[in-house]
Amino acid sequence: MERKLFSPYTIKNVELKNRIVMSPMCMYSSNEHGEVTDWHKVHYASRAIGGTALIMVEATAVTPQGRISERDLGIWNDRHIEGLKQLTSLIHEHGAKAAIQIAHAGRKANISGEVIAPSSIPFNEKSKVPQEMTEAQIEETITAFRDAAQRAKVSGFDIIELHGAHGYLINEFLSPLSNRRNDKYGGTLENHYRFLKEIIAAVKTVWDGPLFVRVSANDYHPEGLSVHDYIQIASWLKQDGTDLIDVSSGAVVPAAIHVYPGYQVPFSDAIKNEADIATGAVGLITSGIQAEEILQNGRADLIFIARELLRNPYWPRQAAQELRTSIPSPVQYERGW
Ligand SMILES: Cc1cc2nc3c(=O)[nH]c(=O)nc-3n(C[C@H](O)[C@H](O)[C@H](O)COP(=O)(O)O)c2cc1C
């Protein structure tokens, strides 16, 4: 039987040599200007050497106010381009494709100064009270995403991902728990989606390569969004030209999440099969057999690996070895959405 994990995958003009993606992970290791350092070059190039097909560079801030922490990478200024170019060259030289996750932290920005959000609701009692964004600030932020996409293109990235998950700014607009606006950006689900829709439209004026969007497909809160809402959002994302949805969950509000191996795979499965769009699965996927089963069962198109790749840059080799010595079978599982 063909091993899907090690079969190529083409998305628009980009061919990935296998289905393994390094999931975006903030490394809190840039200098105070948000620039790439040698540390990033060693970190990302070693995962390319280890056999991962697509290296997704961590959440990279589109404005200084949008940084999750003061040591985040930035892409808000042309001065960031030189370091990012060196990074994409190294990733390419070592046989992988390069992606970048562009992000704005919204009310979860852990920086000095004011933070902004769709509504003036803090994340928790210890967080800063955010300033409710004016329409002018919304427009400026959409432009910042577009300019970041242009810089990503000049820097040599093959794929761009918008960070729409984990309670950061785009997710804050999507969720009714953090967006109580009365204007065209609040109220209905369609209005909540408008900010992301406008970012995609702006990005597409400068970028025609593959576009991924990471979402949190469950708010884990009775008044929040569930995977059913995300099936609808995914169909809009597809119409608006998103190529793949990277399916994560949670973190728009503090919530206890029950995690177990592959706990987010059912969300990827639902979105892929109900909205008919390519997806990436992420979250406690630790073995080659597990990854292969997800692909064989049509529950995702790409496998995003985070912490296993921190522990072991050669995880793809370990997975290949596992698949040489056992035969994964299509399994019976409950479709639970
Ligand atoms: C140190 C660290 C930093 C992370 N930073 C980001 C990030 O920048 N963007 C993002 O979307 N997710 C981020 N995540 C979440 C991971 O991409 C991934 O979704 C999560 O760790 C679950 O996958 P895993 O079980 O393979 O680790 C981060 C996770 C870790 C451990």
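None of these values were measured; they are calculated from a predicted model.

## Let's talk about the sheet that holds strand S8 (residues 159-164)
1) Next: Here we have 8 strands rolled up into a closed barrel, ordered S3-S4-S5-S8-S9-S10-S11-S12, and parallel in their pairing. Each neighbouring strand pair of the sheet contributes to a mean axis angle of 25 degrees, computed without reference to strand direction.
2) Next: Two strands pair when backbone bridges link them, and strand S3 (residues 20-22) and strand S4 (residues 54-61) are joined in this way by 2 bridges, in the parallel orientation. Within S4, the residue paired with Met22 across the bridge is Ile55.
3) Next: Here helix H1 (residues 38-49) sits on the sheet and contacts S3 and S4; the angle it forms with S4, its principal contact strand, is near 150 degrees.

## So, the pattern of salt bridges
1) Next: Under the counting rule described, the total for this entry stands at 12 salt bridges.
2) Next: Two residues, Arg181 and Asp183, come together in a salt bridge whose shortest N-O distance is 2.8 Å.
3) Next: On the basis of relative accessibility, which here comes to 22%, the residue Asp183 falls in the partly exposed class.
4) Next: Of the charged contacts, one joins Lys238 and Asp276 as a salt bridge, the two residues approaching to 3.4 Å between their closest N and O atoms. Of the two residues, Lys238 is situated in helix H6 (residues 227-239) and Asp276 in the loop between helix H7 (265-275) and strand S11 (278-282); the sequence distance between them amounts to 38 residues.

## A short note on the UniProt feature "domain: NADH:flavin oxidoreductase/NADH oxidase N-terminal" (unreviewed entry) in the protein chain
1) Next: Under the local residue numbering, the UniProt record ascribes the feature "domain: NADH:flavin oxidoreductase/NADH oxidase N-terminal" (unreviewed entry) to residues 4-324.
2) Next: Here residues 4-324 is 36% helix and 17% strand, with 13 Å between the C-alpha atoms at its ends.

## Considering helix H10 (residues 315-325)
1) Next: Of the residues making up H10, those classed as buried are Trp315, Pro316, Ala319, Ala320 and Leu323. For H10, the angular spread of the buried residues around the axis is 140 degrees, confining them to a single face. Across H10 from its buried face, at more than 90 degrees, point the exposed residues Arg324 and Thr325.
2) Next: On the buried face of H10, the contacting elements are S3, helix H8 (288-296), strand S12 (302-305) and helix H9 (307-311).

## Things to note about the UniProt feature "binding site: substrate" (unreviewed entry) in the protein chain
1) Next: Per the UniProt entry, the sites bearing "binding site: substrate" (unreviewed entry) are Tyr28, His163, Gly164, Ala165 and His166 in this numbering.
2) Next: You can see Gly164 is positioned in strand S8.
3) Next: Beyond its immediate chain neighbours, meaning those up to four positions away, Gly164 contacts Ile170, Asn171, Leu174, Arg214, Val215 and Ser216.
4) Next: Mapped onto the fold, His166 is located in the loop between S8 and helix H4 (169-174).
5) Next: Contact partners of His166, with chain neighbours within four places excluded, come to Lys108, Asn171, Arg214, Ser216, Ser248, Ser249, Gly250, Ala251 and Val252.

Reading guide: rules and limits
Residues numbered from 1 in each chain as written. Predicted model: local features only at pLDDT ≥ 70, side-chain atom pairs only at ≥ 80, totals over all residues. Heavy atoms only, no water. Pairing = 2+ DSSP bridges. Helix = DSSP H or I, 4+ residues; strand = E, 2+ residues; numbered from the N terminus. Axes fitted to C-alpha atoms, helices over the stretch in contact; angles between N-to-C directions. Contact = heavy atoms within 4.5 Å. Salt bridge = Lys/Arg side-chain N within 4 Å of Asp/Glu carboxyl O. Buried < 20%, exposed > 50% of the residue type's maximum accessible area, 1.4 Å probe, protein only. UniProt positions renumbered as here; feature names shortened; annotations may be inferred. Arc of directions from axis to C-beta.

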